[in-house]
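# An overview of the molecular structure
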Amino acid sequence: MARRILAAGNWKMNGLQADGLALASGLAAQRKSESNAKVDMLVCPPFVLISKVVDAVAGSGIMVGGQDCHMTEKGAHTGDTSAWMLKDTGCTHVIVGHSERRTNHGETDDVVKAKAEAALAAGLVAIVCIGETLEERDAGKTLDVNRRQLLGSLPDGATAANTVVAYEPVWAIGTGRTATPEQAQEVHAMLRGELVGKLGQGIADDMLILYGGSMNAKNAKELLAQTDIDGGLIGGAALKVDDFMTISHSAP
Ligand code: PEP
């Protein structure tokens, strides 16, 4: 199975209904006019917009995902959303362990792993995020930190069909500072090697490893040309139809 590039948009906590619907319909309209798209597209809107976005992109092939999920199926968890609810609403994917969740909500590798396992149990693809801080990079700990987070956060039962890894250096998220293609490829290659050891060559060869951190319409081509970069998890640039479409046209 050849790896097919995935452009995943993380809208974070942005957009009221009119904004989200305009974005979703704009993307869907352009995507529908493309007969031979080389890149898969996913959008992850805020929870309250998911249903409407699912309707707005229907028939375009654009997939919809959640930005987080709870680790259990249901119960007394005020304010939380389960992976089963996301699946029921039309989602195919869910992001887990984004650095903003790790930082703002104290999510550990164990929590991220449990959330990813809930995603798999619900029939969703888990997008498992990892990444080092600037302090960790400056201290020469980049590879160690990412190795530890990968092995600690990967769900049991991970396959190339149900799990995607997203390498997102924290210092590059929303800062306009992008990892160079070489910096990103170095980490991605290490991650691929770890996946071989953990899951076997076949699964590791097929599993998508996305890069995230200020990917935009200008730098996407160079990043996506790297051997082990299989797509992007994109924040700011995914909020503009033209930029996100340009990224989706940047596959090598
Ligand atoms: C992200 O939200 O995962 C992200 C990478 O954001 P940005 O593209 O804005 O840096």
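See the structure printed just above.
Described in the following lines is the structure provided in the data block.

What counts, and where the lines are drawn
- Residues numbered from 1 in each chain as written.
- Predicted model: local features only at pLDDT ≥ 70, side-chain atom pairs only at ≥ 80, totals over all residues.
- Heavy atoms only, no water.
- Near = heavy atom within 4 Å.
- Polar contact = N/O pair within 3.5 Å; in protein donor to acceptor, adjacent residues only side chain to side chain.
- Areas by Shrake-Rupley, 256 points an atom, 1.4 Å probe, with all protein chains shown as cover.
- 1 Å grid on protein atoms, 1.4 Å probe; cavity = no way out; pocket = protein on both sides within 12 Å on 5 of 7 lines; lining within 4 Å.
- Sits in = over half its atoms within 2 Å of the grid points.
- Helix = DSSP H or I, 4+ residues; strand = E, 2+ residues; numbered from the N terminus.
- Contact = heavy atoms within 4.5 Å.
- Axes fitted to C-alpha atoms, helices over the stretch in contact; angles between N-to-C directions.
- Parallel < 35°, antiparallel > 145°, perpendicular 65-115°, else oblique.
- Left-handed = near helix turned anticlockwise from the far one by under 90°.
- Nonpolar A, V, L, I, M, F, W, Y, C, P; charged D, E, K, R; others polar.
- Buried < 20%, exposed > 50% of the residue type's maximum accessible area, 1.4 Å probe, protein only.
- Salt bridge = Lys/Arg side-chain N within 4 Å of Asp/Glu carboxyl O.

A few words now on the site of the ligand. As a matter of local geometry, the ligand sits amid 14 residues, with K12, E168, G174, S214 and G235 nearest to it. Between an oxygen atom of the ligand and a side-chain N or O atom of N10, the distance comes to 3.1 Å. Contact distances for the ligand include 2.9 Å between an oxygen atom and a side-chain N or O atom of H98. Bound to the protein, the ligand loses 95% of the 290 Å² it would expose on its own. Judged by the proximity of its atoms to the pocket grid, the ligand belongs to the second largest pocket.

Its location among the elements puts T163 in strand β6 (residues 163-167). Distance from T163 to A126, taken between C-alpha atoms, is 4.9 Å for residues 37 residues apart in sequence. When near neighbours in sequence (up to four residues on either side) are disregarded, T163 contacts L120, V125, A126, V128, L154, P155, A158 and M207. Here the side chain of T163 touches N162 through a polar contact of 2.7 Å, side chain to side chain.

Now for the packing of helix α1 (residues 17-32) against helix α11 (residues 241-248). Their axes nearest at 10 Å, the elements α1 and α11 cross at an angle of 40 degrees. Put simply, α1 runs oblique to α11. Note that α1 runs across α11; the crossing there is right-handed. Residue-level inspection shows L23, G26, L27, Q30 and R31 of α1 in contact with α11, the latter providing V241, D242, F244 and M245. For the contact of α1 with α11, the per-class residue count stands at five nonpolar, two polar and two charged.

Turning to its location among the elements, E107 is positioned in the loop between α4 (99-104) and α5 (109-122). Classification of E107 as buried rests on a relative accessible area of 8%. Look past the residues within four positions of E107 in its chain and what remains in contact with it is D68, G97, R101, R102, V112 and K115.

Glancing now at the pattern of salt bridges. Throughout the structure, instances matching the rule amount to 16 salt bridges. One salt bridge connects K115 with D68, and the closest N-O pair in it is separated by 2.8 Å. With a gap of 47 residues between them, K115 in helix α5 and D68 in the loop between β3 (63-66) and α3 (83-88) connect regions that are remote in the sequence. Judged by its relative accessible area of 6%, D68 falls in the buried class. In this structure, the salt-bridge partner of R101 is E107, at a minimum N-O distance of 3.1 Å.

In this section: unusual backbone geometry. Although it is not a glycine, K12 sits at a positive phi angle of roughly 50 degrees. Relative to the elements of secondary structure, K12 occurs in the loop between β1 (6-10) and α1. We note that S214 has phi near 55 degrees; this positive angle belongs to a residue other than glycine. By secondary structure assignment, the location of S214 is in the loop between β7 (209-211) and α10 (220-224).

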